[in-house]
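For reference, the chains in residue letters:
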Amino acid sequence: MTQEIIYPKRFRFHEIQKKWIDYWQKEKINSFDLKDGKNIFTIDTPPPFVSGTLHLGHVLNHSWIDFVARYNKMKGKNVYFPQGFDCHGLPVELAVEKNYGISKNDRENFLAKCFEWVNNNINNMTQQFNEMGYSTDWNYTYRTMDDNYKYKVQWSLLFFYNKGWLYREKFPTHFCVNCETSVAKAEVGYQDEMGKLWFLKLPIVGGDDDYVTIATTRPEYIEACVGVFIHPNDDRYYHLSAAEVQIPLTDRKVKVEIDKNVDMNFGTGIVYCCTYGDEMDIKWKLEHGLDEIQIFTEDGHMNENSRYKGMTILEAQKRIVEDLDELGLIADIKDYEHRIIIHTERSSCRKPVEFLPVYQWFINVKDFTQEIIESGEAIKWYPEKHKQRLLDWCEGLDWNWVISRQRIFGTPIPFWYCKDCGEIIPPKEKDLPLDPVTMQSPLKKCPKCNSFNIEGEKDVCDCWIDSSITPLAISKWLENEDFFEKTYTNASIHRPQGYEIIRTWLFYTLFRCKKLTGKAPFSEIMINGMVAGPDSRKMSKSFGNIVSPDEVMPEFGADAIRQWAAMGSLGDDYPFEYTWINLQSKQPVKEDVIKKKRQRLPENKFNNKYGRRFEQLTGASRFLTKIWNAYRFLRINLDKIKIESIDIDNRKLSPIDTFIFSEYNQILRTISNHFDEYNWHEGFALLRPFFWNDICDNYIEAIKYKFYSEDKQTQENALKNALNLFYQILKLFAIIMPFIAEEINFLLFNKFKKIPSIHLEKWPLTYENLSEDLIEQGRIGIELIKRLRTIKSSLKLPLNEEISRIALIAEKNILEKLEGLKEDIENTIRIKKLDVIDKVEEKNIKDRPDFKDIFKAFDIKIYFYR
RNA sequence: GUGCCCGUGGUCUAGUGGUAUGACGUCCGCUUGACGUGCGGAAGGUCGAGAGUUCAAUCCUCUCCGGGCACACCA
């Protein structure tokens, strides 16, 4: 090791990170060993979607996961910590279409390119995980697009089919006409939008210039109108109850029907029912046996049932309104704020969702929500409050799970069906995994109707079908019975995730794993919040408050960013703070100024003029520098003073040593308690000031002089005690800041501790058998030293200036203690002569001090002579 | 609309039935034999607003305001 590496004033994280990432990999420091089959603690980590880069949300989430892994390892558990990737999804298809210009019709090539694109992204993301200091064992990674993974997914579908929980049916489902696929209820959300409410006049058949007027936000649905509804108690329209109305722009007539679900107070109190405008329309259609007239195509245009065929839905709306107006059938138009259903699960879409009746595959979940609730109740939640989200979702669920997606890059739904009678033909188990598009059905003839018109399913699975068996995938279910028993059946399984996917990932995983194995997967769950920008709004492109890890990682390093993550509070959203500054003046700039400038200036000019200051990370970096310098100081002394071990003899502790050890004991216990609850914030918030103030500013300052002592034994003991304590603290640091901990471990402790990594260490123990008397004496010493330094500072004296004399005047019972501290105080404060005087002698002191002070806590008077 | 969470010095954050923790920033002093990305110190808060319970409330209750999330929904 060269001097260069040992003594730089700053922690050089760039080279150090790289060095340890390679070393940990080479030496298999993070390897999981099943042989110790007892006490296995499995972490079922969220597989990130393979967008190609990690964002700060991932950094927060996965830093915490890494803390969980490292902490539990240190606590003696055999931690199984794999990390996989969620590969399938629309964004992959879009990226491949865009970047390679390959059409989906060229199915084979297209899928190959999807695979390639995903693989590149995974390589990138794997590297980012490593740069975070993520301690997963990559030998157990998985990709949801792998055959081996698909096998499990398809096997599970076959199992569900055999149980009668998987079925195919033509049913109106949420359908994103932008993404051209059906989506699950869990993937849609509502968005407020300023729209219009149109009052349309529908002519009454046989009535002379007589109309019913309905109010609607969707006039483009008029051609699909199959009924008009009024409320049974609505006196205003009593006379209409048997009437028929003519649907404008069509040659159809529909009946006026009565239903109590009509809201009399909305609009005119009359509503038209269309196929399928919304969930209410679906219910009415089924209950009243109405016709079905579908007017939209799957890509969001009008179909052959409409005279506006070929137009987009929006274009059609415009034309329909114009046409109705021309016919004089528009009674009124009002501005109206309403909520539209949009595709929210992929934030890049957020386009309106329609209901389309197409053949879909469904899994019955409605009948099992009670069971899911039970699995949820059995989990220990960190924090408890988020359990309610799962329970609410279960209790409110009234739709089954649409699992089919009209896409091609996904796990194929491994079934065939008869095009004539709809009979489903399941695959043979031995043929899995398979793609029914390219593979022949096991039966040539429909077993029900003898038709030969058999078709392989083209649709693929919802991504949540892939990801909701992650606990089974990582435990080698269906693959290795022994491994499965140890890492699933008999393990405690920890599930870390954000609260936003409780109703999806958690819900589906609880459901499917229980059904497939008989055992609910999780014993505990740790919930993280979302990362917000400084405006405390969720980070998103549309708010312009995004910070990418790539922006901050090169400047601050993983250990600093992990400290930021550690300071986030359990289950709550957490802002990533920054301030815009003018790079020349270094002055803060307001957000709205930035917004304007960003629009006006070209990007490079803007970037030259303005930058962001990351205060939280600055603080984190300083802490790293502090730790680094504490190491340097001890290292310099270790080079001078020869010691054989850092084992300490409790009987040879000074009062100051005893006191700081006792303080450490307390801190350690409290931190353990917080970490046991996965409360990283509180634990780290204690650790930082303890190390900085108590250890560095007070303890090290107070023992420093011993390193220059004439007495070898004094030197050795002081250094041993300090190193021993530092090593304990380093183990605590290792969880949050794995790189600096490992670096210092090697530079400072390698010759004492013959272990290949500090990350294989056990959680530290407290120091036992400390003398209460010495603790108290040490406390007085430290407090006095602090006080005397403050006095020096307030007198504007440089800290190294020697004081000619100080007298401490105290009660008899404390005198003895002070005598024992004399040397520590004299040397640390630099006093030529320190006198300890009995209070009864005080009146005999003749010289007037330059400064007088009383230290109330111990009733000690301080006479200070410059 | 219903439910849950949140609102603490300039910013973020901890916490408690007896007016408050830490970080970053600001100001003052000190280049100490690890560290000026340091050390010592200071300023800065009616703990969202109002009402109630209490000897006492930032902490408990209610109402309101503001923010977030979830669920429901009138077309």
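Residues numbered from 1 in each chain as written. Chains lettered and ligands numbered in written order. Predicted model: local features only at pLDDT ≥ 70, side-chain atom pairs only at ≥ 80, totals over all residues. Heavy atoms only, no water.

Caption draft 1: The arrangement of the overall build of chain A in detail. Each helix and strand counted, chain A has 25 helices and 29 strands in total. Taken over the C-alpha atoms alone, chain A extends approximately 120 × 60 × 55 Å along its principal axes. Scored against the burial criterion, the 866 residues of chain A give a buried share of 56%. Counting only contacts in chain A whose residues sit at least 6 apart along the sequence, the fraction spanning at least 24 positions is 78%. Separation of charge centres in chain A, based on 120 positive and 129 negative side chains, amounts to 7 Å. (Helix = DSSP H or I, 4+ residues; strand = E, 2+ residues; numbered from the N terminus. Buried < 20%, exposed > 50% of the residue type's maximum accessible area, 1.4 Å probe, protein only. Contact = heavy atoms within 4.5 Å. Lys, Arg positive; Asp, Glu negative; His and termini not counted. Charge placed at Lys NZ, Arg CZ, Asp CG, Glu CD.)

Caption draft 2: Highlighting the domain arrangement of chain A. When its domains are assigned, chain A resolves into domain 1 (3-154 + 468-544), domain 2 (161-177 + 353-467), domain 3 (192-341) and domain 4 (796-865). Relative to domain 3, the C-alpha centre of domain 2 lies at a distance of 33 Å. Listed as interface residues are 14 residues of domain 2 and, on the opposing side, 17 residues of domain 3. Roughly 1300 Å² of surface becomes buried between domain 2 and domain 3 when both sides are summed, with 63% attributable to carbon and sulfur atoms. Broken down residue by residue, the surface that domain 2 buries against domain 3 is led by Val177, Glu354 and Phe355, which jointly contribute 40%. (Domains from an automatic or database assignment. Buried area = accessible area lost by both parts, 1.4 Å probe.)

Caption draft 3: A look at unusual backbone geometry. Note that the residue after Thr275, namely Tyr276, is joined by a cis bond; omega there is -10°. Residue position: Tyr276 is located in the loop between strand E10 (271-274) and helix H7 (279-287). Pro433 follows Leu432 through a cis peptide bond whose omega is -5°. In this structure, Pro433 sits in the loop between strand E17 (424-425) and strand E18 (454-456). Located in the positive-phi region is Lys476, a residue other than glycine, with phi close to 55°. Position of Lys476 among the secondary structure elements: in the loop between helix H12 (470-474) and helix H13 (481-489). Taking relative accessible area as the criterion, Lys476 reaches 21% and is therefore assigned partly exposed.

Caption draft 4: Spotlight on the protein's contact with RNA strand B. RNA strand B sits among 48 residues. The nearest are Phe266, Arg339, Arg503, Trp692 and Arg830. For RNA strand B, the backbone portion of the atoms within 4 Å of the protein, that is sugar and phosphate, comes to 65%. A distance of 2.5 Å separates a sugar or linking oxygen of RNA strand B from a polar atom in the side chain of Arg389. Between His681 and RNA strand B, the recorded distance is 3.0 Å, taken from a side-chain N or O atom to a sugar or linking oxygen. Counting residues per element, the ones that place at least two in the surface near RNA strand B are strand E6 (211-216), strand E11 (330-343), helix H10 (387-396), helix H19 (615-640), helix H21 (680-703) and helix H24 (772-794). Looking at the surface near RNA strand B element by element, the count peaks at 9 residues for H19. Grouping the amino acids of the surface near RNA strand B by side-chain chemistry returns 16 nonpolar, 10 polar and 22 charged. (Near = heavy atom within 4 Å. Polar contact = N/O pair within 3.5 Å; in protein donor to acceptor, adjacent residues only side chain to side chain. Nonpolar A, V, L, I, M, F, W, Y, C, P; charged D, E, K, R; others polar.)

Caption draft 5: The packing of aromatic side chains, seen in detail. A full pass over the atoms with the stated rule returns 60 aromatic pairs. Each ring, one from Phe726 and one from Phe749, has its centre 6.3 Å from the other, and the planes form 45°; the classification is tilted. Of this pair, Phe726 sits in helix H22 (residues 712-736) while Phe749 is found in helix H23 (residues 738-749), placing the two residues 23 residues apart along the sequence. Each member of the pair Phe726 and Phe749 is classed as buried. (Phe/Tyr/Trp six-rings, centres within 6.5 Å; stacked < 30°, edge-to-face > 60°.)

Caption draft 6: Molecular detail of helix H16 (residues 558-566). By the criterion of burial, H16 is predominantly enclosed, with 9 of the 9 residues buried. Taken together, the buried positions of H16 are occupied by Ala558, Asp559, Ala560, Ile561, Arg562, Gln563, Trp564, Ala565 and Ala566.

Caption draft 7: Region of interest: the sheet that holds E10. With respect to topology, 4 strands assemble into an open sheet ordered E8-E9-E7-E10, the strand pairing being mixed. Each edge of the sheet is formed by a strand with only one pairing partner; in this case those strands are strand E8 (244-246) and E10. Strand-to-strand twist across the sheet, computed as the mean angle between neighbouring axes with direction ignored, equals 35°. Examined bridge by bridge, E8 and strand E9 (residues 253-258) share 3 bridges and lie antiparallel to one another. Across the sheet, residue Glu244 finds its bridge partner in E9, namely Lys255. Packed onto the sheet, H7 meets strand E7 (225-230) and E10 and runs at close to 80° relative to E10. (Pairing = 2+ DSSP bridges. Axes fitted to C-alpha atoms, helices over the stretch in contact; angles between N-to-C directions.)

Caption draft 8: Up close: the pattern of salt bridges. The full count for this structure, using the stated rule, is 44 salt bridges. Close ionic contact of Lys113 with Glu116 constitutes a salt bridge, the shortest N to O distance being 3.3 Å. Here Lys113 pairs with Glu116, and both are found in helix H5 (residues 107-131), just 3 residues apart, close to one helical turn. What makes Lys113 partly exposed here is its relative accessible area of 23%. On the accessibility criterion, Glu116 (35% relative accessible area) is partly exposed. (Salt bridge = Lys/Arg side-chain N within 4 Å of Asp/Glu carboxyl O.)

Caption draft 9: Inspection of the layout of surface pockets at higher detail. By volume, the second largest pocket is sized at about 1500 Å³. For the second largest pocket, the lining is made up of 46 residues, of which Thr217, Arg218, Gly277, His338 and Arg339 are closest to its centre. Among the elements that take part in the lining of the second largest pocket, strand E5 (residues 188-203) stands out by supplying 7 residues, more than any other. Residue composition of the lining of the second largest pocket, by class: 23 nonpolar, 11 polar and 12 charged. Each of domain 2 (161-177 + 353-467) and domain 3 (192-341) accounts for three or more of the residues forming the lining of the second largest pocket. (1 Å grid on protein atoms, 1.4 Å probe; cavity = no way out; pocket = protein on both sides within 12 Å on 5 of 7 lines; lining within 4 Å. Points joined across faces, edges and corners; volume = space filled by probe spheres on them.)

Caption draft 10: Structural detail: the sheet that holds strand E29 (residues 860-865). Taking strand neighbours across the sheet as the criterion, the 4 strands line up as E27-E26-E29-E28 in an open arrangement whose pairing is mixed. Every other strand in the sheet has two partners, leaving strand E27 (831-838) and strand E28 (851-855) as the edge strands with one partner each. Each adjacent strand pair in this sheet contributes to an overall mean axis angle of 20°, direction not counted. Two strands pair when backbone bridges link them, and strand E26 (residues 803-810) and E29 are joined in this way by 5 bridges, in the antiparallel orientation. The partner of Ile809 across the bridge, within E29, is Lys861. Where helix H25 (residues 812-829) meets the sheet, it contacts E26, E27 and E29, and its direction lies at approximately 175° from that of E27.

Caption draft 11: Molecular detail of the environment of Trp393. Inspection of the secondary structure puts Trp393 in helix H10. Residue classification places Trp393 among the buried positions, given a relative accessible area of 17%. With 111 residues separating them in the primary sequence, Trp393 and Thr504 have C-alpha atoms 9.6 Å apart.

Caption draft 12: Just the side chain of Asp824, in detail. With respect to the secondary-structure elements, Asp824 resides in helix H25. Within the buried core, Asp824 has no salt-bridge partner, and the shortest N-O distance to an opposite charge, that of Lys706, equals 4.1 Å. The contact partners of Asp824, leaving out residues within four places of it in the chain, are Ile656, Ala702, Tyr705, Lys706 and Ile785.

Caption draft 13: Inspection of the pairing of E9 at higher detail. Bridging between E7 and E9 involves 3 bridges; their strand directions are parallel. The residue bridging Ile230 from the neighbouring strand is Ile258, located in E9. From the end of E8 to the start of E9, which pair antiparallel, there are 6 residues, and Leu249 there has a positive phi angle of about 70°.

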